[in-house]
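# Inside the fold
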Amino acid sequence: MTYALGAGTELLWPAAGCLRAASRPVRSPRRVVLLSHSAAETRALGWRLGKCVQGDEILALSGPLGSGKTCLVQGLGRGLGVRRFVNSPSFVLMKRYRARLSLIHWDWYRLDDKTDLESSGFGDLQVERGIVVIEWADRFLDQIARPFLLIEITPTGLRSRRLTLSVQGKSAALRRLVGDLELWWAARRKNDGTDLGAGH
Ligand SMILES: Nc1ncnc2c1ncn2[C@@H]1O[C@H](COP(=O)(O)OP(=O)(O)OP(=O)(O)O)[C@@H](O)[C@H]1O
Ligand SMILES: [Mg+2]
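So, a few notes on the structure that sits alongside this text.

## As for the overall build of the chain
- Tallying secondary structure elements over the chain gives 5 helices and 9 strands in all.
- Taken from the N to the C terminus, the helices and strands of the chain come in the order β-β-β-α-β-α-β-β-α-α-β-β-β-α.
- The buried share of the chain, reckoned over its 200 residues, is 38%.
- Considering only intrachain contacts with a sequence separation of at least 6, the fraction spanning at least 24 residues in the chain is 69%.

Here is the structure:
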């Protein structure tokens, strides 16, 4: 297998794209734990997610203030091809970005209760095509109507984070996505521990 550093600082593996497109079978675990040692690594994981998502995934992020949720979404945006700067939509609740697939970025930190969520239009957006990513999703997980990928970020040091990815509900596609990410992460670390740089 070839590992290639592509244009800019992006690590491409395999160069053609996601493992899912390749012929070899992929593990499809329900849950994996990945360790990030820097913001750049967390962005890199988001970037890989952006390359692999198909168009109707819901990604629910949890973790304390400053744990790296937005950092992950910035990488996701980059992987999808978003050109605008991605930041937390804490005050506007939701931002939408156009790219290979629409990115619909929620932040539920300031939502007081379920009534606010119901009037926010979140229910309707769940049926729209696009990648839905939600910061502070753990506040109202039961409002997510479809299977989703939960990413729990736990700070374990100044720059280290434990990222627990688990598929909630029955979804073979999400499990394959988790398998892709696990393999890519392991290969990346084993191969060269590439740090994609602060700008990634
Ligand atoms: N391994 C890491 N992964 C992610 N961020 C890291 C890591 N190490 C250090 N950081 C730093 O932690 C901060 C994470 O900020 P970020 O805005 O992404 O957090 P957040 O979880 O979205 O916070 P909030 O709940 O306020 O929205 C950044 O300053 C980033 O540089
Ligand atoms: Mg944030």
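Still to come is the rest of the account.
## What about unusual backbone geometry?
- In this model, Leu93 sits at a positive phi of 75 degrees, which is unusual for a non-glycine residue.
- Of the residues examined, Leu93 has 18 C-beta atoms within 10 Å and is grouped as partly exposed.
- At Trp136, a residue that is not glycine, the phi angle is positive and equals roughly 60 degrees.

## Comments concerning the site of ligand 1
- Near ligand 1 lie 18 residues; those nearest to it are Thr42, Gly68, Lys69, Thr70 and Cys71.
- Of all the secondary structure elements, the ones that give two or more residues to the shell around ligand 1 are helix H1 (39-52) and helix H2 (69-80).

## A word on H1
- Taking 1.5 Å of rise per residue, 14 residues should cover 20 Å, and H1 covers 20 Å from first to last C-alpha, within 8% of that figure.
- With respect to burial, H1 is a largely interior element, 12 of its 14 residues being buried.
- Residues of H1 that are buried include every one of Ala40, Glu41, Thr42, Arg43, Ala44, Leu45, Gly46, Trp47, Arg48, Leu49, Gly50 and Lys51, and no others.

## Let's talk about the packing of H1 against H2
- The interhelical angle for the contact between H1 and H2, taken along N-to-C directions, is 40 degrees, at an axis separation of 6 Å. Between H1 and H2, the angle falls in the class oblique. For the element pair H1 and H2, the recorded crossing hand is right-handed. Where H1 abuts H2, its residues Ala39, Thr42, Arg43, Ala44, Leu45, Gly46, Trp47, Arg48, Leu49, Gly50 and Lys51 lie against Cys71, Leu72, Val73, Gln74, Gly75, Leu76, Gly77, Arg78, Gly79 and Leu80.

## Examining the pairing of strand E9 (residues 161-168)
- Alternating residues of E9 divide into Arg161, Leu163, Leu165 and Val167, all buried, and Arg162, Thr164, Ser166 and Gln168, none buried.
- Of the strand pairs in this sheet, strand E3 (residues 31-36) and E9 are connected by 6 bridges, and their pairing is antiparallel. Bridge assignment links Arg31 to a residue of E9, and that residue is Ser166.
- Here strand E8 (residues 148-155) runs beside E9; their pairing, made up of 8 bridges, is antiparallel. Note on E9: the bridge partner recorded for Ile151 is Leu165.

## Focus: the nonpolar core
- Grouped together as the largest cluster of nonpolar side chains are 43 residues, with contacts concentrated most on Leu59, Ala60, Val133 and Leu149.
- Those elements that provide at least two residues to this core are H1, strand E4 (58-62), H2, strand E6 (103-107), strand E7 (131-135), E8, E9 and helix H5 (172-191).
- With 6 residues, the single largest contributor to this core is H5.
- With residues near it in sequence (within four places) discarded, Leu149 still touches Glu57, Leu59, Ala60, Leu165, Val167, Leu174 and Leu177.

Parameters at a glance
Once a new chain begins, its residue numbering starts again from 1 and follows that chain's sequence as written. Here the convention is simple: chains get letters from A, ligands get numbers from 1, in the order in which they are written. Since the coordinates come from a predicted model, pLDDT governs what is reported: local features require at least 70, and pairs of side-chain atoms require 80 or more to be given and counted, while whole-chain, interface and lining totals use all residues. To qualify as a helix, a DSSP run of H or I must reach at least 4 residues; to qualify as a strand, a run of E must reach at least 2; elements of each kind are numbered from the N terminus. Any residue whose C-beta has 12 or fewer other C-beta atoms within 10 Å is treated as exposed, any with 20 or more as buried, and any in between as partly exposed, C-beta atoms being built from the backbone. Think of it this way: build a C-beta for each residue from its backbone, and any pair within 7 Å is a contact. As used in this record, a residue near a molecule or strand is one whose C-beta atom, placed from the backbone, is within 6 Å of it. Every helix has an expected span of 1.5 Å times one less than the residues it contains. The axes used here are C-alpha line fits, helices contributing only the stretch in contact, and every angle between their N-to-C directions lies in the interval 0 to 180 degrees. With respect to orientation, any angle under 35 degrees is reported as roughly parallel, any angle over 145 as roughly antiparallel, any angle of 65 to 115 as roughly perpendicular, and every other angle as oblique. Left-handed is the label given to a crossing in which the near helix is rotated counterclockwise from the far helix by less than a right angle, and right-handed is the label when the rotation is clockwise. A pair of strands is labelled paired if DSSP reports no fewer than 2 bridges between them. A set of buried Ala, Val, Leu, Ile, Met, Phe, Trp, Tyr and Cys residues, joined through C-beta atoms within 7 Å, is what we mean by a nonpolar core.

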